Structures are given as C-alpha cells and as structure tokens.
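Inside the fold
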Amino acid sequence: MKTDRDGDEGSTGAGSGSGAGAGARATGTGSSVVDVAIGRLKQRIESGEFAPGHRLPPESVLAGELELSRPSLREAVRALAMAGVLEVRRGDGTFVTDLRPERLMSAIGSFLDLAQDTALEEMLECRKVLEPGATALAATRMDDAALDGLLERVERMRTLQEPGELVREDLAFHADIVAATGNRTLQSLVSSVSNRTARARIWRALVKSDVLAWTHQQHMDILGALRARDSLGAFAAASRHVNDVETWVRERLAAVREGPAGPGGPPA
C-alpha cells in the first residue's frame, strides 16, 4: 500500500487543523495512507464539523482540505460507509449517517478494531458449528420453566435500544439455551466463542437499523422450535440466526480488507 507522501498527499495539517494529528500518526511504523485518511475524517466527525446528516464536500474539495490523494480519500470513505458511519448516495453525494454522535464514534472504533481482528472469522465459524447443535440438544432437555424464562428474556429485549444492552441480553438468551443441555463442557466452549464475537454483534446493532425486529423474530423462531421439542427445527432456526450475523459481518469486513476502492466514492 502507498505511504503517506504518495500522490498529492502532504504531511502537514489541513486548513481545519485536523490534518496535523493525523499526519503525525502516519509517521508511526505500519501506518498506512488509508489509516491517515480515516483518521482525518474521523476527527472532523468527532469535532462536530461533520455532524449526523451532514453532506460531505465534493471529493476534490475534501481531498484538498484533508491533504489527501483522491484515491486514498475514496478508500477511506468506502471503509467508513461499510462501517455504517457514512452513506454514499449515488448522484447526490456522501453523508454522515443519522446515528447519534456517540453511536457514530462507537461504530468507527468497533469497525476499525474488527477489521484488524484476523481471528474473528474463525470465531464466527466456531459459533456456527457449536450453537445450532447445542440448541438442537436443548430442545430435548429444556423444561417449561426454562422456556418461560426464555420468553421473558425475548420480550425484555424488545424494549431495549442501547446496542450493548441488546447484545448482553442476546448472549444471555443463547447461554440459557446451552445451559439447558446440562453439558458444562459445551457451555464453556459456547461461552468462550460467543464472548469473542460480542464486539462484532454490538457493531452490527449500532449500524443496522432493523436489527431489533430481526433479532426478535429469529429468537421467536428458535423459541417456537424449542417449545415444540423439535430438534431439527431448533437446529435450522439457530443456523439461520447465526449465519445471517456471520454473513453480514464477513461481507462488510471483506470489502474493506480487499484493498483500494473502485469507482463510487463521493462525487467530484
């Protein structure tokens, strides 16, 4: 990947003052020009200059302000769009999404951390192997009291808006199911994997607008199969639930890890 001084990028601060810190950051070992570009955009958003709903300046103008090459800016915009922080509307421009400011910052931080987590795909794969099988086993062992407790938890989740709380309840929902198997080794394995994927699930809850309705419906599908003592149905419902999360996360991280963005950045 290019260094910070490639193309028309400079190493001094932009007119807004945001470039200076990012330029200093670029001198560190392993920093890339796209890291710098993301950092400079992030500073504008953090400062409130680019508020939720704000339309970014045209690409040529913004690249000049941030002292970045246009290809590097385009790649940074692509990464932040995949993170759910920016929205590219073809023919209209690029906008900061309407997330609350604190959610914007959490989404950026979570996304950048996850993009560097090379073990995340393995953890998602492990979850896909373990959780549906554990759910199928629980269908044969779960008593009515435990099923009633699951329903209460699902209904409580419908009232939550904060992503961290929602994911904590989601983790507890699946932990209760695995606990019903009575297999402590399986509980330990599933707990370890689930906790390692929690950040990805919080990020998804931050930026996916329909995640609450989606989660509720899929949890009800799982609960329905458990109440019917239907092991195969429970396995299938849990598989759909886990696969959908895995696919959503993989697609977004893969798009950023693939390298420079093609056409489709902010209009010039």
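Residues numbered from 1 in each chain as written. Predicted model: local features only at pLDDT ≥ 70, side-chain atom pairs only at ≥ 80, totals over all residues. Heavy atoms only, no water.

Considerations on helix α3 (residues 59–66)
Listed in full, the buried residues belonging to α3 are Glu59, Leu62, Ala63 and Leu66. Buried residues of α3, viewed axially, fall in a sector of 100 degrees; they line one side. Residue Glu67 follows α3 closely and has a positive phi angle near 55 degrees. (Buried < 20%, exposed > 50% of the residue type's maximum accessible area, 1.4 Å probe, protein only. Helix = DSSP H or I, 4+ residues; strand = E, 2+ residues; numbered from the N terminus. Arc of directions from axis to C-beta.)

Concerning helix α11 (residues 211–227)
A rise of 1.5 Å per residue sets the reference length of α11, with its 17 residues, at 24 Å; its end C-alpha atoms lie 24 Å apart and thus fit the reference within 8%. What α11 keeps buried is the set Val211, Trp214, Thr215, His216, Gln218, His219, Ile222, Leu223, Ala225 and Leu226. (Expected span 1.5 Å × (residues − 1).)

Brief notes about the packing of aromatic side chains
This model, assessed by the stated rule, comprises zero aromatic pairs. Cation over ring: Arg89 sits above Phe95, and NZ or CZ is 3.9 Å from the ring centre. (Phe/Tyr/Trp six-rings, centres within 6.5 Å; stacked < 30°, edge-to-face > 60°. Lys NZ or Arg CZ within 6 Å of the ring centre and 35° of its normal.)

Some thoughts on empty space enclosed by the protein
Scanning the model with the defined rule gives two cavities of 30 Å³ or more in all. Within this model, the largest cavity holds a volume of roughly 120 Å³. What lines the largest cavity is Arg127, Leu166, Val167, Asp170, Arg201, Arg204, Ala205, Val211, Trp214, Thr215, His241 and Val245. Contributing elements (two or more residues each) for the lining of the largest cavity: α8 (163–179), α10 (198–207), α11 and α12 (231–257). Looking at the lining of the largest cavity residue by residue, the class counts come to six nonpolar, two polar and four charged. Size it by volume and the second largest cavity reaches roughly 40 Å³. If you go around the second largest cavity, the residues you meet are Val154, Met157, Arg158, Leu166, Leu212, Thr215, His216 and His219. Of all the secondary structure elements, the ones that give two or more residues to the lining of the second largest cavity are α7 (144–157) and α11. A class-by-class count of the residues in the lining of the second largest cavity yields four nonpolar, three polar and one charged. (1 Å grid on protein atoms, 1.4 Å probe; cavity = no way out; pocket = protein on both sides within 12 Å on 5 of 7 lines; lining within 4 Å. Points joined across faces, edges and corners; volume = space filled by probe spheres on them. Nonpolar A, V, L, I, M, F, W, Y, C, P; charged D, E, K, R; others polar.)

Section: the packing of α7 against α8
For the pair α7 and α8, interaxial distance at closest approach is 10 Å and the crossing angle is 165 degrees. Considering their axes alone, α7 and α8 lie roughly antiparallel with respect to each other. In the crossing of α7 with α8, the sense of the turn from one axis to the other is left-handed. Listed contacts from α8 to Leu150, Arg153, Val154, Arg156 and Met157 of α7 are Leu166, Glu169, Asp170, Ala172, Phe173, Asp176 and Ile177. (Axes fitted to C-alpha atoms, helices over the stretch in contact; angles between N-to-C directions. Parallel < 35°, antiparallel > 145°, perpendicular 65-115°, else oblique. Left-handed = near helix turned anticlockwise from the far one by under 90°. Contact = heavy atoms within 4.5 Å.)

Focus on the nonpolar core
Formed by 19 residues in total, the largest nonpolar core has its most connected members in Leu41, Phe50, Leu56, Leu62, Leu73 and Leu86. For this core, the secondary-structure elements that each account for two or more residues are α2 (33–47), α3 and α4 (70–82). Counting 16 residues, the second-largest nonpolar core is a separate cluster that includes Ile177, Leu223, Ala225 and Leu226. (Core = buried A, V, L, I, M, F, W, Y, C linked by side-chain atoms within 4.5 Å.)

Topic: the pairing of strand β1 (residues 86–89)
One ladder, built from four bridges, connects β1 with strand β2 (residues 93–96); its direction is antiparallel. Note that in β2 the partner of Leu86 across the bridge is Val96. Hairpin connection of β1 to β2: three residues between the antiparallel strands, including Gly91 at a positive phi of 85 degrees. (Pairing = 2+ DSSP bridges.)

Here's the deal with unusual backbone geometry
Positive phi is not limited to glycine here, since Glu67 has a value of about 55 degrees. Structurally, the position occupied by Glu67 is in the loop between α3 and α4. Positive phi values are uncommon outside glycine, yet Arg229 reaches one of about 55 degrees. Tracing the backbone shows Arg229 in the loop between α11 and α12. In this structure Arg229 comes out as partly exposed when scored by relative accessible area, which is 39%.

What is shown is where atoms sit, not what they do.
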